Amino acid sequence: DVKVTQSSRYLVKRTGEKVFLECVQDMDHENMFWYRQDPGLGLRLIYFSYDVKMKEKGDIPEGYSVSREKKERFSLILESASTNQTSMYLCASSLVGTGFYEQYFGPGTRLTVT
Amino acid sequence: QQPVQSPQAVILREGEDAVINCSSSKALYSVHWYRQKHGEAPVFLMILLKGGEQKGHDKISASFNEKKQQSSLYLTASQLSYSGTYFCGTVSGSARQLTFGSGTQLTVLP
């Protein structure tokens, strides 16, 4: 059974903290993605990676960075968390060829920055 | 730029039909449809490729009009289980990313 897991379902952090969100997939997928989901805005792409150590900016990369040291793991880093980064964060993975293949999503991490 | 979905929300009774539209200002390579139930992850429904045929499974089908850069999702004889938020995602040109619309909230009442 296909699986994408995320390290936490809920997370509360303080302004200015460094935050790590972890995502692991067990499908040997080349592509991995980080989205944030806000009411009325849908899912917006932060960063994606199409191979180990490779990354590309999505539509809203400001304030975020990513790391992919192993194929199965993709981390999202908030260098200095701010209240406007309070959101639901979703990780996804897919086979290479974004246009052709479905994305599998993790359960999400609801991050609150106070 | 995000594709535009319409309507933003729709409420219908079991057994009724619904259509959700997705349009883009860019030339599209493919359109993806996902459904997300409350508190759950989005789940893939189908992909429509440029030059492909209309797709469907069970009572959910979709079409892709390449000339108008539009896609429509058709839900016939709605069931309670169809409730959720439906997202279209588009891939244009050589882009490697999927750009999602803001979603359509569908509520099916008994």
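Since the structure is predicted, the reported quantities are computational estimates derived from the model, not experimental observations. (Residues numbered from 1 in each chain as written. Chains lettered and ligands numbered in written order. Predicted model: local features only at pLDDT ≥ 70, side-chain atom pairs only at ≥ 80, totals over all residues. Heavy atoms only, no water.)

Draft legend 1. The interface of chain B and chain A, seen in detail. Taken together, the contact between chain B and chain A spans 21 residues of the former and 26 residues of the latter. Broken down residue by residue, the surface that chain B buries against chain A is led by Arg96, Gln97 and Phe100 of chain B, which jointly contribute 33%. For the pair chain B and chain A, the number of links is zero salt bridges. Of all the elements in the fold, those that place two or more residues in the side of chain B that touches chain A are β4 (28-36), β5 (43-49), β9 (84-92) and β10 (99-100) of chain B. A total of five residues in the side of chain B that touches chain A trace back to one element, the largest contributor, which is β4 of chain B. Its residues assigned to classes, the side of chain B that touches chain A comprises 11 nonpolar, nine polar and one charged. (Contact = heavy atoms within 4.5 Å. Buried area = accessible area lost by both parts, 1.4 Å probe. Salt bridge = Lys/Arg side-chain N within 4 Å of Asp/Glu carboxyl O. Helix = DSSP H or I, 4+ residues; strand = E, 2+ residues; numbered from the N terminus. Nonpolar A, V, L, I, M, F, W, Y, C, P; charged D, E, K, R; others polar.)

Draft legend 2. Layout of the nonpolar core. By size, the foremost hydrophobic cluster in this structure holds 21 residues, and its most contacted members are Trp34, Ile46, Leu76 and Tyr89 of chain A. Elements that contribute at least two residues to this core include exactly β3 (19-25), β4 (31-38), β5 (42-51), β7 (64-70), β8 (73-78), β9 (87-94) and β11 (109-113) of chain A. Beyond its immediate sequence surroundings of up to four residues, isoleucine 46 of chain A is in contact with Trp34, Tyr35, Arg36, Lys57, Gly58, Ile60, Pro61, Tyr64, Leu76 and Tyr89 of chain A. Counting 20 residues, the second-largest nonpolar core is a separate cluster that includes Ile20, Cys22, Ala62 and Tyr82 of chain B. (Core = buried A, V, L, I, M, F, W, Y, C linked by side-chain atoms within 4.5 Å. Buried < 20%, exposed > 50% of the residue type's maximum accessible area, 1.4 Å probe, protein only.)

Draft legend 3. Structural view of the pattern of salt bridges. Residue and element names in this part refer to chain A. Considering all chains together, one arrives at five salt bridges over all chains under this definition. In this structure, glutamate 69 engages lysine 53 in a salt bridge whose closest nitrogen and oxygen atoms are separated by 2.5 Å. With glutamate 69 in strand β7 and lysine 53 in the loop between β5 and β6 (54-57), the pair connects residues that are 16 residues apart, well separated along the chain. Each member of the pair, glutamate 69 together with lysine 53, is exposed. Connected via shared salt-bridge partners are Arg36, Asp38 and Arg44.

Draft legend 4. Inspection of the environment of proline 3 of chain B at higher detail. Residue and element names in this part refer to chain B. You can see proline 3 is positioned in the segment before β1 (4-6). Sequence separation between proline 3 and serine 78 is 75 residues; the distance between their C-alpha atoms is 25 Å. In this view, proline 3 contacts Cys22, Ser23, Cys88, Thr90, Thr99, Phe100, Gly101 and Ser102; residues no more than four positions away in its chain are not counted.

Draft legend 5. Geometry of the state of the cysteines. Overall, the coordinates contain two disulfides over all chains when judged by the stated rule. Note on cysteine connectivity: cysteine 23 of chain A is disulfide-linked to cysteine 91 of chain A, with sulfurs 1.9 Å apart. Note on the cysteine 23 of chain A and cysteine 91 of chain A pair: the S-S dihedral is about -75 degrees, so by sign convention the disulfide is left-handed. Of this pair, cysteine 23 of chain A sits in strand β3 while cysteine 91 of chain A sits in strand β9, placing them 68 residues apart in sequence. The class of cysteine 91 of chain A is buried, set by a relative accessible area of 0%. With a sulfur-sulfur separation of 2.1 Å, cysteine 22 of chain B is cross-linked through a disulfide to cysteine 88 of chain B. Note on the cysteine 22 of chain B and cysteine 88 of chain B pair: the S-S dihedral is about 70 degrees, so by sign convention the disulfide is right-handed. (Disulfide = S-S within 2.5 Å.)

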